[in-house]
Amino acid sequence: MTGFPAIDGRRLLARLDAFAAIGATPAGGVNRPALSEADRAARALLADLGAARGFSLFQDAAANLFLRRAGADDRRPPFLIGSHLDSQPTGGRFDGALGTLAALEVLETLEDRGIVTAGPVELVAWTNEEGSRFAPGAFGSQSAAAGALPAGWPETVGSDGARLGDELAATLAALPQAAMRPLGGPFAGYLELHIEQGPLLEREGALIGVVEGIQGTRWLEVAIEGQVAHAGTTPLADRRDAMAAAAAVITRLQTTVMPADADARLTVGRLTIAPGAVNVIPGEVAFSIDLRHPSGAEIDRLEAEITALAARIAAAGGCRASVRRSMDVAPARFDRRLVGIVEGAAERRGFASRRLFSGAFHDALFMARLGPAAMVFVPCRAGLSHNEAEYVEPHQAIAGAQVLCDATLEAVAASVAA
Ligand SMILES: [Zn+2]
């Protein structure tokens, strides 16, 4: 191939503005819950923009939306690029939208230049990545990776009382021009551009994040059982204070796990105390642990350490501890070849880049189970996301889309017909 075409940065920025107007909040953010009227409006606009360029339109049973640009050999599995269009209730205008609209920009750039790719390239807008209206998130990509919708999904009730089955059916019906296709693969590869949602790139002055994978997440529920007793009459030696034991466990974890390993994340975000009266020694304290690490083996080791520590500290205070898993998502390692292609694309453009692991979930986590996948990050101001003040500089958005375009072309081994 003779060169990599420049994307149309102004067109990309105009598209970001147009989609930010759908579900716009007064504070400059976006409220576009999955499968809502606003989400359907965004999908309709995307479908119209794609149809205007002659891209074919598909949906699957999870209402994932695809725009397909044909390749020289259209029987080859498609190379997928995209992200999601739904948002948090007080979300920003770039989370998901940037990756989806950058993918549209890639397809349009190929079309503008008459570039013939060996196989088809498809934009995908995954359904319900955020999970804030219908939990859990990444509904579309998880269903695609599993090749089936989750059991009992239609009866899932949303935060607004809506039924998932009804809203999904209405969303599919709103785009009758989209042909239905089966869930899942095969696909030749998957690339997703996303905002970092963290502070590393900005802090280090890097324009492009070359994402090596997504850290795993495990949720634990720790319950400490002691004995309810009178706060005034029970001397120290007779107390089996579940709160004192829980506090000791939490303090110990906070002062050991993360200080010892910069890649580890441990958060105690919820605590319940029973009976919960001012003058009663708590008989039962339960707390959550959100544990994250790029290494699955390390997550296993940390869980074992937490279990042993809770048992030891609880026993010392006359209590009993139990630890139970409530959620477990294994880490993803992205495809080494695709990661290298992203890094090379940034380097060719002279964009400062840095390798990193994603701290947040993305649809790419699930796509990496189906085939080669990787991600491109761009910085967001102060690492702020899931916030109406979320902001990406225009040159950062354009650089990310350019790297997505260059990497896509290289990955699909394009042949240029200028
Ligand atoms: Zn997102």
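Keep in mind it's a predicted model, so treat the numbers as computed, not measured.

### As for the coordination of the zinc ion
Taken together, H84 (NE2), D95 (OD) and H194 (NE2) make up the full set of protein donors to the zinc ion, lying 2.0 to 2.2 Å away. Motif for the zinc ion, donor spacing along one chain: H-x10-D-x98-H. Note that D95 is positioned in the loop between β3 (79-84) and α3 (97-112) and H194 in strand β6 (residues 189-195), a separation of 99 residues in sequence.

### Some details on the packing of aromatic side chains
Tallied over the full model, the rule gives four aromatic pairs. Arranged with centres 6.3 Å apart and planes meeting at 85°, the rings of F94 and Y391 form a pair that is edge-to-face. Note that F94 is positioned in the loop between β3 and α3 and Y391 in the loop between β17 (373-378) and α11 (394-411), a separation of 297 residues in sequence. With a centroid separation of 6.2 Å and an interplanar angle of 55°, the aromatic rings of F139 and W153 are classed as tilted. In this pair, F139 is assigned in helix α4 (residues 139-146) and W153 in the loop between α4 and α5 (164-173), connecting sequence segments 14 residues apart. The pair F139 / W153 is uniform in exposure class, with both members buried. Pairwise contacts between aromatic rings join F66, W126 and Y190 into one cluster. Here the basic side chain of R181 rests over the ring of F58, its NZ or CZ set 4.3 Å away from the ring centre.

### Topic: the domain arrangement of the chain
In terms of domain boundaries, the chain breaks down into domain 1 (9-213 + 332-417) and domain 2 (216-329). Just the C-alpha atoms count here: the centres of domain 1 and domain 2 sit 38 Å apart. Both faces considered, domain 1 and domain 2 share a buried interface measuring about 410 Å² in area, 66% of it formed by carbon and sulfur atoms. Three residues, F357, G359 and F361, lead the burial of domain 1 against domain 2; their summed loss comes to 67% of the area buried on that side. Seen at the junction of domain 1 and domain 2, the total is zero salt bridges.

### What to know about α5
Within α5, the full set of buried residues consists of L164, G165, E167, L168, T171 and L172. In this structure, the buried side of α5 is in contact with α2 (37-52), β1 (56-59), α4 and β5 (179-180).

### Description of unusual backbone geometry
Most of the time, phi is negative for any residue but glycine, and the peptide bond is trans. P186 follows G185 through a cis peptide bond whose omega is 0°. Within the fold, P186 resides in the loop between β5 and β6. Cis geometry is found at the peptide bond from A274 to P275, where omega equals 0°. Within the fold, P275 resides in the loop between β11 (271-274) and β12 (280-281). Despite not being glycine, A382 shows a phi value in the positive range, around 60°. By the element assignment, A382 lies in the loop between β17 and α11. A positive phi angle, near 50°, is found at H386, a position not held by glycine. Along the chain, H386 turns up in the loop between β17 and α11. The exposure class of H386 is partly exposed, given its relative accessible area of 39%.

### Concerning the packing of helix α1 (residues 9-20) against α11
Orientation of α1 relative to α11, taken along the N-to-C sense of each, is 110°, at an axis distance of 10 Å. It follows that α1 is roughly perpendicular to α11 by the angle criterion. The hand of the α1/α11 crossing is right-handed. In contact with G9, L12, L13 and L16 of α1, α11 contributes P394, A397, I398 and A401. Residues that form the contact of α1 with α11 fall into these classes: seven nonpolar, one polar and no charged.

### Digging into the side chain of R32
Mapping R32 onto the fold places it in the loop between α1 and α2. Although R32 is buried, it forms no salt bridge, and the closest oppositely charged side chain is D39 at an N-O distance of 5.4 Å. Separated by 3.1 Å, the side chain of R32 and the backbone oxygen of I22 make a polar contact. Look past the residues within four positions of R32 in its chain and what remains in contact with it is F19, A20, I22, A38, D39, A42, L85, D86, S87, Q88 and A97.

### Concerning the nonpolar core
Residues L46, Y190, I208 and F334 are the most contacted members of the largest nonpolar core, which totals 84 residues. When near neighbours in sequence (up to four residues on either side) are disregarded, I208 contacts L201, A346, F351, A352, S353, R354, V376, F377, V378, A399, G400 and V403. Counting 24 residues, the second largest nonpolar core, distinct from the first, contains L220, A245, F287 and I299.

### Notes on the pairing of β1
In the sheet, β1 pairs with strand β2 (residues 65-69) via four bridges, with the strands oriented antiparallel. The residue of β2 that forms the bridge with Q59 is L65. Where β1 folds back on β2, the antiparallel hairpin that results is connected by five residues, among which A63 adopts a positive phi of roughly 65°. Of the strand pairs in this sheet, β1 and β5 are connected by two bridges, and their pairing is parallel. Residue Q59 lies in a different strand from β5, and its bridge partner there is M180.

Calculation notes
- Residues numbered from 1 in each chain as written.
- Predicted model: local features only at pLDDT ≥ 70, side-chain atom pairs only at ≥ 80, totals over all residues.
- Heavy atoms only, no water.
- Donors = N, O, S within 2.8 Å, 3.2 Å for Na, K, Ca; no water.
- Helix = DSSP H or I, 4+ residues; strand = E, 2+ residues; numbered from the N terminus.
- Phe/Tyr/Trp six-rings, centres within 6.5 Å; stacked < 30°, edge-to-face > 60°.
- Buried < 20%, exposed > 50% of the residue type's maximum accessible area, 1.4 Å probe, protein only.
- Lys NZ or Arg CZ within 6 Å of the ring centre and 35° of its normal.
- Domains from an automatic or database assignment.
- Buried area = accessible area lost by both parts, 1.4 Å probe.
- Salt bridge = Lys/Arg side-chain N within 4 Å of Asp/Glu carboxyl O.
- Contact = heavy atoms within 4.5 Å.
- Axes fitted to C-alpha atoms, helices over the stretch in contact; angles between N-to-C directions.
- Parallel < 35°, antiparallel > 145°, perpendicular 65-115°, else oblique.
- Left-handed = near helix turned anticlockwise from the far one by under 90°.
- Nonpolar A, V, L, I, M, F, W, Y, C, P; charged D, E, K, R; others polar.
- Lys, Arg positive; Asp, Glu negative; His and termini not counted.
- Polar contact = N/O pair within 3.5 Å; in protein donor to acceptor, adjacent residues only side chain to side chain.
- Core = buried A, V, L, I, M, F, W, Y, C linked by side-chain atoms within 4.5 Å.
- Pairing = 2+ DSSP bridges.

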